[in-house]
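The chain contents come next:
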Amino acid sequence: MSQQFDVVVIGGGPGGYVAAIRAAQLGFSTACVDAFVGKRGKPALGGTCLNVGCIPSKALLQSSENFHAAQHDFARHGITVEGVKIDVPAMIERKDGIVDKLTGGIGFLLKKNKVASLHGVASLKAREGERWVVEVAVDGNVVDTVHATHVILATGSRPRPLPGVAVDNVTVLDNEGALNLAAVPARLGVIGAGVIGLEMGSVWKRLGAEVTILEAMPTFLSAADQQIAKEALRTFTRDQGLDIQLGVKIGEIKNLGDKVTVAYELNGEQKLGEFDKLIVSIGRVPNTDGLGAANVGLQVDERGFVVVDDHCHTNLPNMWAIGDVVRGPMLAHKASEEGVAVAERIAGQKPHVDFGAIPWVIYTSPEIAWVGKTEEQLKAEGVEYKKGTSGFAANGRALGMDHAQGTVKLLACAKTDRVLGVHMIGPMVSELVTEGVLALEFKAASEDLARIVHAHPSLSEVVHEAALAADKRALHG
């Protein structure tokens, strides 16, 4: 079968399906090609984020937090709960149900917007006149040939492998295996203290596992503001019991079937970790293998990323790339915004995505979120700045929620008062950080945030207080 489209999007994740919908809204005949097969063996849109990443991990985080609260926190509210148990298969089934609902929802959205949804592995074959030729294969057999004026590459990323270690998702796990354990392991090892390692480690710790996280970097959460990162490290280790080892040099890893051993060096001392399960979460690499880049002369760098300009345009005419497969942060919302922007550029519009105003979130408890420059970056760049901080300890809403720990830190230019960065650890800061995003996008001053009326009682008052503190006029601290 041969089909003709104005735009073909390769990849149905948060970048790809959003790009396809926006292109269709702008009047282009559009197809979205995706190869992902879900846990139940059927095609599943949404990419890594929806199927084995952002969404299912948040479902498990919530389940584990509920279990922990019933065990440890309810008594403070005068609620007595006896015989609390965790049914891991039921928890996993709930998570899978959420994933199924949302993947089905994406299919509905594509249909609603008249986007053709094609299942299979897409590869670039040639350019014929003004159109690109894309083949779609299932199990190695070509089932569709698509001709398109524009191609948007949104093939996403996959877990970075650790040399010499085979992931079987039984004993040695990647992010997908970490989301599908049948029971709580007694001893869980995690290699990598990034987002996945911290989130999955905290899930299984709350459910009863003894968790050790081994991180090669000497600094905890080096991308985050270090005042916030240090507070997070204290909370995770001292208060929650996660064993986080920094500056680790990983040696030989042996999968013995019923357990895994990890030889590693820490502060010059040789150690051996023994775990029932091991999660490997050392980052992600772009999915460009098998894309057919060489067939058409698509430029891919030495790390496998598609090379693009500031507008997500590749070195080829009418071929674009977005999301994890290009430079910039590997974040679902970054991919979505790039997808919308590319569709609008194809339509002749001039959208803009500001990488400096993209929020980052780690959904641990407490959550960690930030946007803009860290204090370390401002110092390194020689920028004169002022800062204001405020904590959740005296916030009425946080106290009522029984989550009164954490800090909001606001950084502003010492000369102009323009907000340069907002950094947070605390309850629901994944929602609060949007106030910082708005401030950066609209070039607001700290005084602007200080003058805005914030509802009382609300968690957002801590942002307000941090803005006041930047001008040395905090009212509650």
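Remember, predicted model here, so these are calculated numbers, not experimental data. (Residues numbered from 1 in each chain as written. Predicted model: local features only at pLDDT ≥ 70, side-chain atom pairs only at ≥ 80, totals over all residues. Heavy atoms only, no water.)

J.: Pulling in residues and values, what's your account of the side chain of S458?
T.: Summarising the element assignment, S458 is placed in the loop between α13 (446-451) and α14 (461-470). Looking at S458, its side chain comes within polar contact range of the main-chain oxygen of A455, at 2.5 Å. Apart from residues no more than four positions distant in its own chain, S458 is found in contact with N395 and R397. (Helix = DSSP H or I, 4+ residues; strand = E, 2+ residues; numbered from the N terminus. Polar contact = N/O pair within 3.5 Å; in protein donor to acceptor, adjacent residues only side chain to side chain. Contact = heavy atoms within 4.5 Å.)

J.: Before we move on, could you go through the sheet that holds strand β8 (residues 172-173) and cite the residues and values that matter?
T.: In a beta sheet, neighbouring strands pair by backbone hydrogen bonds and run either parallel or antiparallel. The 5 strands are arranged β8-β15-β9-β10-β11 in an open sheet whose pairing can be described as parallel. On the outer flanks of this sheet lie β8 and β11 (243-245), each paired with one strand and no other. Pairing between strand β9 (residues 187-191) and strand β15 (residues 277-280): 4 bridges, direction parallel. In the strand pairing of β15, I191 is matched with V280. On the sheet, helix α6 (residues 195-206) packs against β9, β10 (210-214), β11 and β15 and is oriented at approximately 165° with respect to β10. (Pairing = 2+ DSSP bridges. Axes fitted to C-alpha atoms, helices over the stretch in contact; angles between N-to-C directions.)

J.: Describe the sheet that holds strand β18 (residues 360-362), and please don't skip the residues or the numbers.
T.: Ordered in space as β18-β19-β22-β21-β20, the 5 strands form an open sheet in which the pairing is antiparallel. Whereas interior strands pair on both sides, the edge strands pair on one side only; in this sheet they are β18 and β20 (385-391). For this sheet, the mean inter-axis angle between neighbouring strands, taken without regard to orientation, is 10°. Here strand β19 (residues 367-372) pairs with strand β22 (residues 419-426) via 6 bridges, running antiparallel. Residue pairing for β22: A369 is matched across the bridge by M424.

J.: Could you give an account of helix α9 (residues 332-346), with specific residues and numbers?
T.: Here α9 contains 15 residues, and its C-alpha end-to-end distance of 21 Å stays within 8% of the 21 Å for a straight helix at 1.5 Å per residue. By the criterion of burial, α9 is predominantly enclosed, with 11 of the 15 residues buried. Residues K334, A335, S336, E338, G339, A341, V342, A343, E344, R345 and I346 constitute the buried set of α9. Positive phi appears at G348, one or two residues downstream of α9, with a value of about 90°. (Expected span 1.5 Å × (residues − 1). Buried < 20%, exposed > 50% of the residue type's maximum accessible area, 1.4 Å probe, protein only.)

That's the geometry; what it means functionally is another story.
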